[in-house]
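Here's the letter readout for the chains.
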Amino acid sequence: MFGEPVYLSGKKVCRPSAARRGPMTGFHGVLQPVSDVFKLIFNGQLVPDESRKVFFRLAPLFAFLPAYMVYLVLPFSRRLLLADPDASLLLVLSLLFLSMVGLSFSGWASGNQEAAVGSIYILTNLASFFLPLVVSAASISFLARSLSLIDIVEAQSRVWFIFLQPLGAVVFLVSILRLIERSPYAFPSVDPELIASYKIEYSGAGLGFLIFTEYVNLFTMMGMFTILFLGGWEGIFEMPSVIWFLLKVYAASFFVLWIRSSLPKPRLEEVMARTGWMFLLPLALLNLILTLVFVTFVRPLI
C-alpha cells in the first residue's frame, strides 16, 4: 500500500525522459499500479525447458518474502510497529541482503546466459556497495549508542544526523541508489544491453513479484535513510508522526527517481571499482573513524 505512490511516481517522473504517455488508468493514472498487479497475476507463467524448474518457481518468493519481512521491524512511528528488537538495524540490513540475493537467485534458476550475467552483476553490486552502506550505518549506531531504530530516531530529537553526518549521508544515499538498481547505475536490468537481465525468462506472477520486490526495496531503503539521517518521524512542527515519516520517504524516493531519469549511465568499471571500492568505502571508513573520535573524545567535553 505504502509502496504504490513510489511505483506510480517512478512511472510519472521517468515519463518525460522516455517520451512516453505514462500511466493512464484512473484519474491521472492513480490506478495504474492496481491495473499492473491484476494484469501480472492473471497472466500465465511460462517455465523454460532449460530452467531449474523448482527453483525457478520459488526464486521470486525468495526475493519477495525477505523484502516484506522488513516491515515487521521497520517503524513508521513510535507506536506503529510490530516488533522492536534491540538490534533492529542489523535485522533490516540482513533482510535486505537476503532479498537482493534472492533476485540474483532468480537469474541463476532461469537457465539463461543473459539472466546469469545479470545475477552476477547483482552479486558484484553487493560486494562493492553493501559494505560502504553498512559502515555508514555503523557510524550512526555509534553516534546514537544503539542498534535500535527507535533509539536512533529519538537520538535525533534535537538535530537530524544528516547535519552531523553529511559524509555518511552521501555514502549511504549513493550506495542505496546502486543497490536498488536505479539508473544511472542499473546495470543488472538494462533492457537494451542485457535483454531485461535476470527477469528475462519470467512472466505473469513471477515477474510481478520481482518487479514489486525492487520497488519495495526502494521504499525500504528510503525509509532507512529517513530513519538514520532525516529524523524518522520527528518533524519541525506539529503533525501526525506517520505523515512526517511518509513525506520524508516519498521526498527521498522522488529524488532518487529524478536522478534515475536525469543522469547518463557510466561505464561498469567506473561504478564497481572507482565508485565502490576506491571512493565510497574509503569515505565510509573515514567517516566511521571521525565518528569514533567525536564520540570518544569530543562528546564527553560538551
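Rules and cut-offs
- Residues numbered from 1 in each chain as written.
- Predicted model: local features only at pLDDT ≥ 70, side-chain atom pairs only at ≥ 80, totals over all residues.
- Heavy atoms only, no water.
- Helix = DSSP H or I, 4+ residues; strand = E, 2+ residues; numbered from the N terminus.
- Buried < 20%, exposed > 50% of the residue type's maximum accessible area, 1.4 Å probe, protein only.
- Contact = heavy atoms within 4.5 Å.
- Areas by Shrake-Rupley, 256 points an atom, 1.4 Å probe, with all protein chains shown as cover.
- Expected span 1.5 Å × (residues − 1).
- Bend = angle between axes of the 7 residues up to and from the residue.
- Phe/Tyr/Trp six-rings, centres within 6.5 Å; stacked < 30°, edge-to-face > 60°.
- Axes fitted to C-alpha atoms, helices over the stretch in contact; angles between N-to-C directions.
- Parallel < 35°, antiparallel > 145°, perpendicular 65-115°, else oblique.
- Left-handed = near helix turned anticlockwise from the far one by under 90°.
- Nonpolar A, V, L, I, M, F, W, Y, C, P; charged D, E, K, R; others polar.
- Core = buried A, V, L, I, M, F, W, Y, C linked by side-chain atoms within 4.5 Å.
- Patch = residues over 30% accessible without salt bridge, like charges linked within 9 Å, V, L, I, M, F, W, Y side chains within 5 Å.
- Salt bridge = Lys/Arg side-chain N within 4 Å of Asp/Glu carboxyl O.

**Student:** What exactly am I supposed to notice about the overall build of the protein chain here?
**Tutor:** Counting its secondary structure elements, the protein chain contains 12 helices and zero strands. Order of helices (α) and strands (β) in the protein chain, N terminus to C terminus: α-α-α-α-α-α-α-α-α-α-α-α. Taking all 302 residues of the protein chain together, 49% fall into the buried category. For the protein chain, the proportion of contacts with a sequence separation of at least 24, taken over those separated by at least 6, is 77%. Looking at the protein chain as shown, the accessible area adds up to about 14600 Å², and 68% of this sits on carbon and sulfur atoms.

**Student:** Would you explain helix α3 (residues 53-69) in this entry?
**Tutor:** Every α-helical turn comprises 3.6 residues, leaving residues that sit three or four positions apart pointing alike. Counted at 1.5 Å a residue, the expected span for α3 with its 17 residues is 24 Å, and the 25 Å between its end C-alpha atoms agrees. Where α3 bends most, at A59, the angle is about 30°, and the proline P60 comes one to four residues later. On the buried face of α3, the contacting elements are α4 (88-109) and α10 (204-229).

**Student:** Before we go on, may I ask you to explain unusual backbone geometry in this structure?
**Tutor:** Trans is the common state for peptide bonds, and a negative phi is the common state for residues other than glycine. Although it is not a glycine, R145 sits at a positive phi angle of roughly 60°. Tracing the sequence through the fold places R145 in the loop between α5 (113-144) and α6 (149-154).

**Student:** Would you explain the environment of V242 in this entry?
**Tutor:** Along the chain, the position of V242 falls in helix α11 (residues 241-262). V242 gets classed as partly exposed once you look at its relative accessible area, which sits at 25%. Each C-alpha atom, one on V242 and one on R78, is 9.0 Å from the other, the two residues being 164 residues apart in sequence. Apart from the residues lying within four places of it in its own chain, the contact partners of V242 are F76, S77 and L80.

**Student:** Can you walk me through the packing of aromatic side chains in this structure?
**Tutor:** Between two aromatic rings, the relevant description is the distance of the centres plus the angle of the planes. Evaluated as defined, the whole model comprises 16 aromatic pairs. Both rings, one in F76 and one in F219, keep their centres 6.2 Å apart while their planes meet at 25°; by these two values the pair is stacked. Of this pair, F76 sits in the loop between α3 and α4 while F219 sits in helix α10, and the two are 143 residues apart along the sequence. Classification of F219 as buried rests on a relative accessible area of 1%.

**Student:** Even after reading the chapter, I still don't get α5, so can you show me in this structure?
**Tutor:** In this model α5 runs 46 Å from its N-terminal to its C-terminal C-alpha over 32 residues, within 8% of the 46 Å that 1.5 Å per residue would give. The axis of α5 is deflected most strongly, by about 35°, at F129, and proline P132 appears within four residues downstream. Looking one or two residues past α5, R145 carries a phi angle of roughly 60°, positive in sign.

**Student:** Sorry, what's going on with the packing of α3 against α10 here?
**Tutor:** Relative orientation and spacing of two packed helices are given, respectively, by the angle between their axes and the distance between those axes. Two elements in contact, α3 and α10, have axes whose closest approach is 9 Å; the angle formed by their N-to-C orientations is 30°. In terms of their interaxial angle, α3 and α10 are classed as roughly parallel. Crossing geometry of α3 relative to α10 is assigned as left-handed. On α10, the residues touching P60, L61, A63, F64, A67 and Y68 of α3 are G206, F209, L210, T213, V216, N217 and T220. Considering only residue class, the contact of α3 with α10 consists of nine nonpolar, four polar and no charged.

**Student:** Explain the packing of helix α8 (residues 166-179) against α10 here, please?
**Tutor:** The geometry of α8 relative to α10 is characterised by a closest axis approach of 10 Å and an angle of 175° between their N-to-C directions. With respect to their mutual orientation, α8 and α10 come out roughly antiparallel. Across from G168, A169, F172, L173 and I176 in α8, the residues of α10 making contact are M221, M222, M224, F225, L228 and F229. Split into classes, the residues belonging to the contact of α8 with α10 amount to 10 nonpolar, one polar and no charged.

**Student:** Before we go on, may I ask you to explain the nonpolar core in this structure?
**Tutor:** One broad rule of soluble globular proteins: the nonpolar side chains tend to lie buried together. With 55 residues, the main nonpolar core has F172, F225 and L228 as its most contacted residues. A total of 10 residues in this core trace back to one element, the largest contributor, which is α10. Here F172 is in contact with L133, S136, A137, M221, M224, F225, L228 and F229, once residues within four sequence places are set aside. One finds L40, A59, I122 and Y202 within the second-largest nonpolar core, a separate group that totals 12 residues.

**Student:** Just to check I follow, could you spell out the environment of L61 for this structure?
**Tutor:** Along the polypeptide, L61 turns up in helix α3. A C-alpha to C-alpha distance of 7.2 Å links L61 and F209, two positions 148 residues apart in sequence. Contact partners of L61, with chain neighbours within four places excluded, come to P66 and F209.

**Student:** Even after reading the chapter, I still don't get a nonpolar patch on the surface, so can you show me in this structure?
**Tutor:** The grouping of V54, F55, L58, L61, F62, L65, M69, L72, L82 and W108 at the surface amounts to a nonpolar patch, some 940 Å² of accessible area in total. Top element by residues in the nonpolar patch is α3. It accounts for seven residues. Residue placement: L72 occurs in the loop between α3 and α4. Residue classification places L72 among the partly exposed positions, given a relative accessible area of 41%.

In short, shape yes, function no, at least from these values alone.
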